[in-house]
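# Topology and contacts: notes
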Amino acid sequence: MSPPARPSASSSSSPNNTQQLDFTHRFIPSGAGKDKARVTLLLLHGTGGNEDDLLPLGRELDPSATLLSPRGKILEGGRIPRFFRRVAEGVFDVDDLKFRTHELADFVEMASTVYSFNASKVIAVGYSNGANIAASMLLLRPQTLSGAILFRAMVPFVPDKIPDLSYKRIFMSSGLKDPIATKQEAESLASLLKQADADLVLEWQNSGHELTQHDIQTAKQWLLLNSKALDKR
Ligand code: MLT
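In this report, we go over the structure that sits alongside the text. (Residues numbered from 1 in each chain as written. Predicted model: local features only at pLDDT ≥ 70, side-chain atom pairs only at ≥ 80, totals over all residues. Heavy atoms only, no water.)

## Considering the side chain of Asp178
- You can see Asp178 is positioned in the loop between strand 10 (169–175) and helix 4 (183–195).
- An unpaired buried charge is present at Asp178: no salt bridge exists, and Arg152, the closest side chain of opposite charge, is 4.1 Å distant.
- From its side chain, Asp178 meets the backbone nitrogen of Ile180 in a polar contact 2.7 Å long.
- Here the side chain of Asp178 touches His209 through a polar contact of 2.7 Å, side chain to side chain. (Helix = DSSP H or I, 4+ residues; strand = E, 2+ residues; numbered from the N terminus. Buried < 20%, exposed > 50% of the residue type's maximum accessible area, 1.4 Å probe, protein only. Lys, Arg positive; Asp, Glu negative; His and termini not counted. Salt bridge = Lys/Arg side-chain N within 4 Å of Asp/Glu carboxyl O. Polar contact = N/O pair within 3.5 Å; in protein donor to acceptor, adjacent residues only side chain to side chain.)

## A short note on empty space enclosed by the protein
- Tallying each qualifying case throughout the model produces one cavity of 30 Å³ or more.
- The calculated volume of the largest cavity comes to roughly 30 Å³.
- Surrounding the largest cavity, Phe23, Lys73, Phe83, Arg100, Glu103, Leu104 and Ile133 form its lining.
- In terms of residue count, helix 2 (residues 94–114) provides more of the lining of the largest cavity than any other element does, three residues in total.
- When its residues are assigned to classes, the lining of the largest cavity shows four nonpolar, no polar and three charged. (1 Å grid on protein atoms, 1.4 Å probe; cavity = no way out; pocket = protein on both sides within 12 Å on 5 of 7 lines; lining within 4 Å. Points joined across faces, edges and corners; volume = space filled by probe spheres on them. Nonpolar A, V, L, I, M, F, W, Y, C, P; charged D, E, K, R; others polar.)

## As for the pairing of strand 8 (residues 122–127)
- Burial analysis of strand 8 places six of its six residues in the buried class, the great majority of the element.
- A two-sided burial pattern is seen for strand 8, the buried positions comprising Val122, Ala124 and Gly126 on one face and Ile123, Val125 and Tyr127 on the other.
- One ladder, built from five bridges, connects strand 2 (residues 40–44) with strand 8; its direction is parallel. Looking at the pairing, Thr40 lines up with Val122 of strand 8.
- One ladder, built from five bridges, connects strand 8 with strand 9 (residues 147–151); its direction is parallel. (Pairing = 2+ DSSP bridges.)

## A closer look at the sheet that holds strand 10
- Strand order in this open sheet of seven strands is 1-3-2-8-9-10-11, and the pairing throughout is mixed. Strands at the two margins of the open sheet, each flanked by one partner only, are strand 1 (25–28) and strand 11 (199–205). Averaged over neighbouring strand pairs, the angle between their axes works out to 15° when direction is ignored.
- Against the sheet, helix 2 engages strand 1, strand 2, strand 3 (66–70) and strand 8, with an angle of about 145° to strand 3. (Axes fitted to C-alpha atoms, helices over the stretch in contact; angles between N-to-C directions. Contact = heavy atoms within 4.5 Å.)

## Digging into the packing of helix 2 against helix 3 (residues 129–140)
- It is the contact of helix 2 with helix 3, at a shortest axis distance of 9 Å, that shows an interaxial angle of 80°. In terms of orientation, helix 2 and helix 3 fall into the roughly perpendicular class. On helix 3, the residues that touch Leu97, Lys98, Arg100, Thr101, His102, Leu104 and Ala105 of helix 2 are Ile133, Ser136, Met137 and Leu140.
- Each residue belonging to the contact of helix 2 with helix 3 can be placed in one class, and the counts come to six nonpolar, three polar and two charged. (Parallel < 35°, antiparallel > 145°, perpendicular 65-115°, else oblique.)

## Re the pairing of strand 2
- Most of strand 2 is tucked away, with five of its five residues classed as buried.
- What you see with strand 2 is no split at all: Thr40, Leu42 and Leu44 on one side and Leu41 and Leu43 on the other are buried throughout.
- Regarding the hand of the β-α-β motif, the stretch spanning strand 2, helix 1 (residues 55–61) and strand 3 is right-handed. (Right-handed = clockwise from strand over helix to strand, strands pointing away.)

## Quick word on the site of the ligand
- Looking at the ligand, the residues that line it are Thr47, Arg82, Phe84, Arg86, Gly90, Phe92, Ser128, Asn129, Asn132, Met154 and Ile180.
- In the model, an oxygen atom of the ligand is placed 3.3 Å from a nitrogen or oxygen of the Arg86 side chain.
- Here an oxygen atom of the ligand sits 3.4 Å away from a polar atom, N or O, in the side chain of Ser128.
- With the chains in place, 96% of the 260 Å² that the ligand exposes on its own is no longer accessible.
- In terms of residue class, the shell around the ligand is built from four nonpolar, five polar and two charged. (Near = heavy atom within 4 Å. Areas by Shrake-Rupley, 256 points an atom, 1.4 Å probe, with all protein chains shown as cover.)

What follows is the structure, encoded as structure tokens:
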């Protein structure tokens, strides 16, 4: 996929108390002005990515959304950003994942105060490692998100107690040939989220782990179709 042009951060909208926010991040206010910003998209990059990666995707998904894009704090091998530690590919350090999930949820809540966006209309948009921490947030801190778009997500962990995710709208887009977030992993996550009563759509792509234009177009349509319901929250 060739990424669309990158939007730039608006310095005029940056309040001076951003030092309370302990993630390196980008905050891009709604292109349509504060009143018209229906939602804030929480953009969560994949392994090796950073806070700039998903800004074009966020703008493409919803031109009037506010965008909040943190960089994962873990540096694998001292240089590869991630949102939580892993023991091997696809094998997660669950204690760290849970700790990092709470840390990220606290950041989102603090950011809503600092930047004055509506904390009850936050939709996570995660790819790969970012989708996995978004799924973990749905399980551990469901009140932080009103919905989620999960590209190439896996089961982050199986909770002891299934949370109540009724009213959460979740779009999963998974690759039939994905060797990392396999078909079986995606199906297990979908069934976990359904057990939690989430309003879930699972879309299959004829692809591997990489993101395609078709992923983006189907996610965009889902967001448009669900915008009214997300507004009501
Ligand atoms: C993960 O570690 O979150 C998954 O294996 C996906 C990845 O980042 O490669």
